[in-house]
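# Chains, contacts and geometry: an overview
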Amino acid sequence: MSHKLETRAVRTQMDRSQYLEHSTPLHLTSSFVFEDAEDMRASFAEEKQRNIYSRFTNPNTSEFVQKVTEMEGAEDGVSFATGMGAIYGTFAALLNAGDHIVSARSVFGSTHTLFTKYLPKWNIETSYFKVEEPEAIADLIKPNTKILYAETPTNPGVDILDLQYLGHIAKEYNLILIIDNCFATPYLQQPIKFGADLVIHSATKLIDGQGRVLGGVTVGSLDLIHEIYLFARNTGSALSPFNAWILSKSMETLPVRVDRHCQTALETAEYLENHPKINWVKYPFLKSHPQFELAKKQMSQGGSIVAFEIKGGIDAGRNFLNTLEMLSLSSNLGDSRSIVTHPASTTHSKLSESDRSEVGITDGMVRLSIGLEHIEDIKNDLNQALAKL
Ligand SMILES: *Cc1c(COP(=O)(O)O)cnc(C)c1O
């Protein structure tokens, strides 16, 4: 019997200990003991699946991975210390020197640095397509292309990429399609249904949802995950059991939290859209979003991130941040506390203006990560800050 998403977030098949605990206990142990020499031999020979050492597996990391795996409709998964650990570990496990990647240009900053600075050390090059020109992908594919990579919705521009189209291209050219599903969460969007081979999450964001711990996870098909697991097990970017325990508990409230995030985000986007000091607002489930129909096809709700442009450019953007009273200035997102960032003067300040505009960032653009405060308090703070511009 296949459970609904909300149930998959709550219940797993973990074994209980002799104490018959209802809530999963925290297994803070670096290693596990063996019954006898034969048990130890068979375990190391991978003839049986069991915990050996917490760099490999631990009951808490396994429970967390199982929940994400089941929500995403994947076969298996591997956890990592951070989202970047998952992204790096996935690429490093699957690529050989001389391989080629085709990626959307709008990807998380550190992922872009991985493509431009580190993977080239092993002669692995990346070609980029603009999110609004996915039809250019076929022309970028070379005989040595192995991976097609994208995020949707994108950061910080909340553009939407057509997962079904990416799935078709990946299949036609025999590429591994990897989707960073961080902004959507496994509750709103399951890329495997549209043809993704692997799905990556920074669990640091909405999966934790309360800004406490870092974590990452990659899920997908058995054979690819096995390769990634062996790499992770031998290179040491292991998720701590404590963080996994937090994240697994957080998964249980993910659907309820994300419902509220989305409801407040949509209402806030609608409110901002009618504000005279704002040029434009972008939110996947706003009718004015250029890919509104596509967003509705592949996501069940619009997510928690709203992007908008304040009239008056870079100075207005900075002044706006300075006059906010409640909303936090932070680079994080997907927290219970609403967060505002100004990409042009912070996360993307090192890019030239034309490089910024290529990923949809203008000088007056603000990214709003909607939290779980009351909508009226969020609107009031935005309103008083906009009034002072
Ligand atoms: C934050 C983030 C990451 C990196 O995750 P960390 O847990 O910070 O390492 C990757 N992709 C996206 C889309 C993110 O927002």
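Residues numbered from 1 in each chain as written. Predicted model: local features only at pLDDT ≥ 70, side-chain atom pairs only at ≥ 80, totals over all residues. Heavy atoms only, no water.

### Comments concerning the overall build of the chain
- The helix and strand inventory of the chain stands at 14 helices and 12 strands.
- On C-alpha atoms alone, the chain measures out to a radius of gyration of 21 Å, which is about the 21 Å that the 2.2 N^0.38 rule sets for 389 residues.
- For the chain, the C-alpha atoms occupy an extent of roughly 75 × 55 × 40 Å along the three principal directions.
- A buried classification covers 54% of the 389 residues belonging to the chain.
- Restricting the contact set of the chain to residue pairs at least 6 apart, pairs at least 24 apart contribute 72%.
- Distance between charge centres in the chain, computed from 36 positive and 47 negative side chains, equals 3 Å. (Helix = DSSP H or I, 4+ residues; strand = E, 2+ residues; numbered from the N terminus. Rg over C-alpha atoms; globule rule 2.2 N^0.38 Å. Buried < 20%, exposed > 50% of the residue type's maximum accessible area, 1.4 Å probe, protein only. Contact = heavy atoms within 4.5 Å. Lys, Arg positive; Asp, Glu negative; His and termini not counted. Charge placed at Lys NZ, Arg CZ, Asp CG, Glu CD.)

### Side note on the pairing of strand β12 (residues 365-369)
- Across the 5 residues of β12, 5 count as buried, placing the element largely inside the fold.
- Because side chains alternate across β12, one face comprises the buried residues M365, R367 and S369, and the other comprises V366 and L368, equally buried.
- Summarising the sheet, strand β9 (residues 305-310) and β12 pair through 5 bridges and their orientation is antiparallel. Bridge pairing in β12 places I305 opposite S369. (Pairing = 2+ DSSP bridges.)

### A look at the packing of aromatic side chains
- With the rule as written, the count across this model stands at 9 aromatic pairs.
- Relative to F320, the ring of F308 has its centre 6.0 Å away and its plane inclined at 85°; by these criteria the two rings are edge-to-face. Here F308 is found in strand β9, whereas its partner F320 is found in helix α12 (residues 313-323), with 12 residues between them in sequence.
- Judged by relative accessible area, F308 falls into the buried class, the value being 0%.
- The class of F320 is buried, set by a relative accessible area of 0%.
- When the ring centre of Y128 is taken as origin, the NZ or CZ atom of R105, which lies over that ring, is 5.8 Å away.
- Over the face of the ring belonging to F56 we find R233, whose NZ or CZ atom lies 3.9 Å from the ring centre. (Phe/Tyr/Trp six-rings, centres within 6.5 Å; stacked < 30°, edge-to-face > 60°. Lys NZ or Arg CZ within 6 Å of the ring centre and 35° of its normal.)

### Thoughts on the sheet that holds strand β5 (residues 176-180)
- With mixed pairing, 7 strands are arranged side by side in an open sheet as β1-β7-β6-β5-β4-β2-β3. In this open sheet, the two strands that pair with only one neighbour each are β1 (76-80) and β3 (125-129). Neighbour-to-neighbour, the strand axes of the sheet open up by a mean angle of 20°, direction not taken into account.
- Here strand β2 (residues 100-104) runs beside strand β4 (residues 145-151); their pairing, made up of 4 bridges, is parallel. Paired with H100 across the two strands is T145, which belongs to β4.
- Lying over the sheet, helix α9 (residues 222-235) contacts β1, β5, β6 (198-202) and β7 (216-220), oriented at roughly 25° with respect to β1. (Axes fitted to C-alpha atoms, helices over the stretch in contact; angles between N-to-C directions.)

### Digging into the site of the ligand
- Lining the immediate surroundings of the ligand are 13 residues, of which G83, M84, D180, T204 and K205 lie closest.
- Here an oxygen atom of the ligand and a side-chain polar atom of K205 are 2.7 Å apart.
- When isolated, the ligand has an accessible area of 390 Å², and the protein chains bury 92% of it.
- Per element, the largest residue contribution to the shell around the ligand is 3 residues, and it comes from helix α4 (residues 83-94).
- The residue inventory of the shell around the ligand, partitioned by class, reads 5 nonpolar, 5 polar and 3 charged. (Near = heavy atom within 4 Å. Polar contact = N/O pair within 3.5 Å; in protein donor to acceptor, adjacent residues only side chain to side chain. Areas by Shrake-Rupley, 256 points an atom, 1.4 Å probe, with all protein chains shown as cover. Nonpolar A, V, L, I, M, F, W, Y, C, P; charged D, E, K, R; others polar.)

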